[in-house]
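Topology and contacts: notes
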Amino acid sequence: MALALCLPTGVMAMPAMMVAGHVAVAGQGIDLALGHEQITINLDGAGVVHVKAVPEGRKDVPTLVMAPRQSASDIPDASGVADTLRSKYLQARVDRKVDTLTLANAHGQTLLTLDLAALADGRVQLTHAKGQSFYGIGSYTIKESTAPGLLRTGETVAAAGEQGHAGAPFVWTTAGYGVLVDSDGAVFHLAPKSLRIDGFSKLAVDVYLMVGRPKQLFADLARLSGPAPLFPKWSLGFINTQWGIDEKELVDIIDTYRRKRIPIDSFILDFDWKAWGQNHYGEFRWNVHKFPDGPSGKLASMMAAKGIHLGGIMKPRIHVDTVEGRYATVHDLWLPGERVGLDYFSHKPVKEIDFDKPAVRAWFGKNAIRYGFDKGIVGWWNDEADTTLSNTQFMNMQRSLYNAQRDATDTRVFSLNRNFWLGSQRYAYGMWSGDIDTGFKTMAMQRTRMLSAIEVGEAWWGMDGGGFNGHPSDENYARWIEFGAFTPLFRVHGTLGQKRQPWRYGPVAEKAAAHAIRLRYKLMPYIYAYAWHDHVAGVGLVRPLTFGWPHDPNVRNDVDAWMFGQWLLVSPVVKRGQTHKRIYLPAGTWTDWFTGKRYKGGQTITVTVNARTWMDIPLFIRQGAIIPTQPVMQYVHQYPVTTVSVDVFPSKRKTAFDYYADDGDSYAYENGGYYLQRLSTQRNAHDATFSLGAPRGSYRPALRWYLVKVHGLAAARVSDGGHHYATLSALQRAKGAGWATGRDRYGPVTWLRVAARTTGTWQLHGKGSK
């Protein structure tokens, strides 16, 4: 059946003229009629073609996968002539003879061919070149083997899933494209030369064809599905969770952390904090027997004085024989078909409420704020809303808390949830991998679970460090902390009665764990900048190696290492008693963070691992790196930072890093209340440059100075560098700008002290410079 070409809805049209029997149009879209289907093809961003087929006379409502918005994005320099749409990233051409849409990149290379006639049959049918690697769609529950790794083949169901699973109706490939469908669930059929998607939740077939490298694909995914808001800065520090605790023990644990100078920012309470099973909102309020100072807010104030933010567990079920249970019955809040069951903790009858209902979200959120947040619970740990068939039950549970907290206060929302469905990220939605077992085998599998969750759009992933079930060995605990320090959300937890503080595992493990935690806090300026980057660009702190090297076949299914930001590659030890570790380094030059040893990339190296001290964290710096650090604090806002150290490893290619700061607690950044400054560097044979761009934003941090460490060069002179000091210590004692040279573990170095909030370029001239 041939297509009838019509003028595009909502698109400015040129005067009609005949071009090879077609109507020529200008703008960003084309309307087509195919039988009883109305098909629209629009550019939605410079790298996205949106194709929608709607039965004639029917209206379409987007699912929660998509961010609410008024219209598609305007694209500068986009054009449409006859059956072709163009932007700087892509070309999309309709062939009316065979009813297809061919998608090509900016160079004209064909990426995909879409069968337009198949849309009328309720499926997306695509053909592509053979031998492509596909990612996305879904990750793994705690019961699934992670043996397939990151690659996706065959039939795969897109769903939120249960414990630890992350899902999205989105698939992408390193060949340069991705496919997103707007549907509450879908089935993907991946074959060597074709891709079919069906099983949609609505009559309209709604598909977004995306073009670009992985980072561009995820930027478009975040724009279409909605950006993740910033979490409070404290949530990027170390988080201790415990089941089985009271107020006295809590105070003692926090005091011990502080006495031992092991940094920590948050303590999240399990069932213990609630009056669970009691009448009159026991699901939402403090247990006065275990936490006598909870309801008054005194406990939260005591913790805040020690730099600790409290979080608490939330459940999707309500006790039936209570005031709130009877309210749920009268107002039809229960999940349809839900039967009464005995809660495993209170042993009283409970039922689950239906968060897909607006009335449930409003009621639950209001009570959570009144009895929890207003009394000091500032972090939400949502549990067990993944047992229904709804992809959006967990999303809407957190949505209720997010909306309620934003209506009540400007304090940022933080949450942990046990599964993920694309769109959830809009509601400050962190994820953890479920009630995993302890042991090295389980710990190793978390690498695949983390990276595969990130590859469907959940940038904020964490796990029960140490394992939820069982007691880890001292070595297992130490290695788990080192692993956790290089994940997006850094948290420990255990089963009832299990304690996960470092000093519980002997002096060797405590030393190794404390070392990893302190390193995390030293890197806090670096980490926080990537939280901002995720918010504005859709790519966060942890990135699979395919994001940076999509054409390297050696990293296509590599879960042993990942990028921590743009400039650090980490490969934690996940085997017991390991003495040597083989690590593949992608193209480039890499420097060992701890030893300064340099390696050429594109090869597998072997590093020595100490099986007695457990102190090794294989961590490598990519040449070109710009890495800001700060003194280790006991919590993120312990004191204002006036000087930030910046380690710089210049390369022949100009590189940059966007330093970011804000108040860390409010949503003022949404209205320009932030500080953003680009730091850049470049190296030639003998010289190097370091530059500061103009600061942006209205926020004024305490920051006054950057202490820049330009590695690999001991400058003979520095243009506009100020006074030359004989030593680093003399430079640090000085009150103004200046520079000094010397050596550190990375070799020759030039230290450059420059004022923040200024703009300029500093030329570092080596001894052989003319």
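Now for a look at the structure at hand. (Residues numbered from 1 in each chain as written. Predicted model: local features only at pLDDT ≥ 70, side-chain atom pairs only at ≥ 80, totals over all residues. Heavy atoms only, no water.)

We now examine the overall build of the protein chain. Helix and strand counts for the protein chain come out as 13 helices and 50 strands. Summarising its shape, the C-alpha atoms of the protein chain cover approximately 80 × 80 × 50 Å along the three principal directions. Residues classed as buried in the protein chain amount to 63% of the 770 residues present. Counting contacts in the protein chain only where the partners sit at least 6 residues apart, residues at least 24 apart contribute 70% of the total. Counting only carbon and sulfur atoms, one obtains 52% of the accessible surface of the protein chain, whose full area is about 28400 Å². (Helix = DSSP H or I, 4+ residues; strand = E, 2+ residues; numbered from the N terminus. Buried < 20%, exposed > 50% of the residue type's maximum accessible area, 1.4 Å probe, protein only. Contact = heavy atoms within 4.5 Å. Areas by Shrake-Rupley, 256 points an atom, 1.4 Å probe, with all protein chains shown as cover.)

Moving on, we come to unusual backbone geometry. For Arg261, which is not glycine, the phi torsion reads 55° and is therefore positive. With respect to the helices and strands, Arg261 occurs in the loop between α3 (247–260) and β21 (266–269). In this structure, Ala428 is a non-glycine residue whose phi angle is positive, near 55°. Tracing the backbone shows Ala428 in the loop between β28 (420–421) and β29 (430–432). Classification of Ala428 by relative accessible area gives buried; the value is 1%.

Taking 1.5 Å as the rise per residue, helix α6 (residues 358–371) with 14 residues should run 20 Å; its terminal C-alpha atoms sit 20 Å apart, in good agreement. Taken together, the buried positions of α6 are Val360, Arg361, Trp363, Phe364, Gly365, Asn367, Ala368, Ile369 and Tyr371. (Expected span 1.5 Å × (residues − 1).)

On to the sheet that holds strand β36 (residues 589–592), then. Strand order across the open sheet formed by six strands is β32-β33-β34-β39-β36-β37, with antiparallel pairing between neighbours. The sheet is open, and its two edges are formed by β32 (542–543) and β37 (598–600), each paired on a single side. In this sheet, β37 lies alongside β36 in antiparallel orientation, the contact comprising three bridges. When the bridges of β37 are listed, Trp590 appears paired with Tyr599. (Pairing = 2+ DSSP bridges.)

Between its terminal C-alpha atoms α3 stretches 20 Å, which fits the 20 Å expected from 14 residues at 1.5 Å a residue. Among the residues making up α3, those that are buried are Glu247, Glu249, Leu250, Val251, Ile253, Ile254, Thr256, Tyr257 and Arg258. Structurally, α3 contributes buried residues whose contacts are with β20 (238–242), β21, α4 (298–305) and β22 (309–314). Phi for Arg261, located one or two positions after α3, is positive at around 55°.

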